[in-house]
Number of protein chains: 2
Amino acid sequence: MVDYIGYLAAILGTICWLPQTLKTWRTKETKDLSLWANLLILATVMLWLIYGILLGAWPLIVANIVSILFVGAIVTAKLIYK
Amino acid sequence: MVDYIGYLAAILGTICWLPQTLKTWRTKETKDLSLWANLLILATVMLWLIYGILLGAWPLIVANIVSILFVGAIVTAKLIYK
């Protein structure tokens, strides 16, 4: 039971960025997004990826690669569409 | 060494929302923020809080209470300032 809540949190924590990524690339409007917040989030998921690689924890590795793609796309849009 | 990367990721993953929370409340502009993304992020940190409570893991509990306050403030602003 406890484990399932952890898995659900991990899955949700990976896909939660997708609506923002899609909205940002569709509208190309990034004014209200904080560059600093998104850079810190990107740094966070990169650290979790390194942590996962060092532990050999595949769920952590896969989830964080997906997160890096989603959050990286938001940061890229923020830098391109000022 | 591996543990320290985990701690750093956990701390960064808690404070990373703060720049967005401050920006959103300062500007009162939320048009470019995805309500769905922020609701999913809020659901994620609530699940991690429940997970932490069930495990009795205090770092997880404290970190996620702080995250809920930061992300909750973003969701509240998004709902108030359409």
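Please refer to the structure higher up on the page.
Summary of the structure given here.

Reading the values: the criteria
- Residues numbered from 1 in each chain as written.
- Chains lettered and ligands numbered in written order.
- Predicted model: local features only at pLDDT ≥ 70, side-chain atom pairs only at ≥ 80, totals over all residues.
- Heavy atoms only, no water.
- Helix = DSSP H or I, 4+ residues; strand = E, 2+ residues; numbered from the N terminus.
- Buried < 20%, exposed > 50% of the residue type's maximum accessible area, 1.4 Å probe, protein only.
- Contact = heavy atoms within 4.5 Å.
- Least-squares fit on C-alpha atoms with pLDDT ≥ 70 in both.
- Salt bridge = Lys/Arg side-chain N within 4 Å of Asp/Glu carboxyl O.
- Phe/Tyr/Trp six-rings, centres within 6.5 Å; stacked < 30°, edge-to-face > 60°.
- Buried area = accessible area lost by both parts, 1.4 Å probe.
- Polar contact = N/O pair within 3.5 Å; in protein donor to acceptor, adjacent residues only side chain to side chain.
- Nonpolar A, V, L, I, M, F, W, Y, C, P; charged D, E, K, R; others polar.

**Quick word on the overall build of chain A**
Now for step 1: Helix and strand counts for chain A come out as four helices and zero strands.
Now for step 2: Taken over the C-alpha atoms alone, chain A extends approximately 40 × 25 × 15 Å along its principal axes.
Now for step 3: Here chain A holds 82 residues, and the buried ones make up 49% of them.
Now for step 4: Pairs at least 24 residues apart make up 72% of the contacts formed inside chain A by residues separated by at least 6 positions.

**Quick word on the environment of Leu35(B)**
All names here are of chain B.
Now for step 1: Its place among the elements puts Leu35 in helix α3 (residues 35-55).
Now for step 2: In this structure the C-alpha to C-alpha distance between Leu35 and Leu12, which are 23 residues apart in sequence, comes to 23 Å.
Now for step 3: Aside from chain neighbours lying at most four places away, what touches Leu35 is Val75, Lys78 and Leu79.

**Describing the relation of the copies chain A and chain B**
Now for step 1: The transformation that overlays chain A on chain B combines an axial shift of 0.0 Å with a rotation of 180°, and the residual RMSD is 0.0 Å. A rotation of that kind, with that shift, is consistent with a two-fold axis. When C-alpha positions in chain A are compared against the rotation axis, the closest is assigned to Asp32(A), at 2.7 Å.
Now for step 2: In this assembly the copies share their binding face: 100% of the residues contributing to the interface of chain A also contribute to that of chain B.

**Focus: the pattern of salt bridges**
Now for step 1: For the structure shown, the criterion picks out four salt bridges over all chains.
Now for step 2: One salt bridge in this structure joins Lys31(A) and Glu29(B), with 3.6 Å as the shortest N-O distance. Within this pair, whereas Lys31(A) is found in the loop between α2 (18-27) and α3 (35-55), its partner Glu29(B) is found in the loop between α2 (18-27) and α3, the two belonging to separate chains.
Now for step 3: On the basis of relative accessibility, which here comes to 45%, the residue Lys31(A) falls in the partly exposed class.
Now for step 4: Across the pair Asp32(B) and Lys31(B) runs a salt bridge, and its minimum N-O distance is 2.8 Å.
Now for step 5: Looking at Asp32(B), the relative accessible area reads 3%, which means it is buried.
Now for step 6: Because the salt bridges share partners, they merge into one network encompassing Glu29(A), Lys31(B) and Asp32(B).

**Notes on the packing of aromatic side chains**
The description of two aromatic rings rests on the distance between their centres and on the angle between their planes.
Residues and elements named next belong to chain A.
Now for step 1: As enumerated under the stated definition, the model contains seven aromatic pairs over all chains in all.
Now for step 2: When the ring of Trp25 is compared with that of Tyr81, the centres are 5.7 Å apart and the planes differ by 80°; the resulting orientation is edge-to-face. Of the two residues, Trp25 sits in helix α2 while Tyr81 sits in the segment after α4 (58-80), which places them 56 residues apart along the sequence.
Now for step 3: For Trp25, a relative accessible area of 30% translates into the label partly exposed.
Now for step 4: The class for Tyr81 is partly exposed, based on a relative accessible area of 22%.

**Here we look at the interface of chain A and chain B**
Now for step 1: The interface is formed by 34 residues belonging to chain A together with 34 residues belonging to chain B.
Now for step 2: For the chain A and chain B pair, buried surface summed over both sides reaches about 3,000 Å², with 75% attributable to carbon and sulfur atoms.
Now for step 3: Counting across the interface, chain A meets chain B through two salt bridges.
Now for step 4: For the pair chain A and chain B, the interface holds nine residue pairs in polar contact (both at pLDDT 80 or more).
Now for step 5: Contributions of two or more residues to the side of chain A that touches chain B are made by α1 (2-15), α2 and α3 of chain A.
Now for step 6: The biggest single contributor to the side of chain A that touches chain B is α3(A), with 13 residues.
Now for step 7: Broken down by class, the residue content of the side of chain A that touches chain B amounts to 22 nonpolar, seven polar and five charged.

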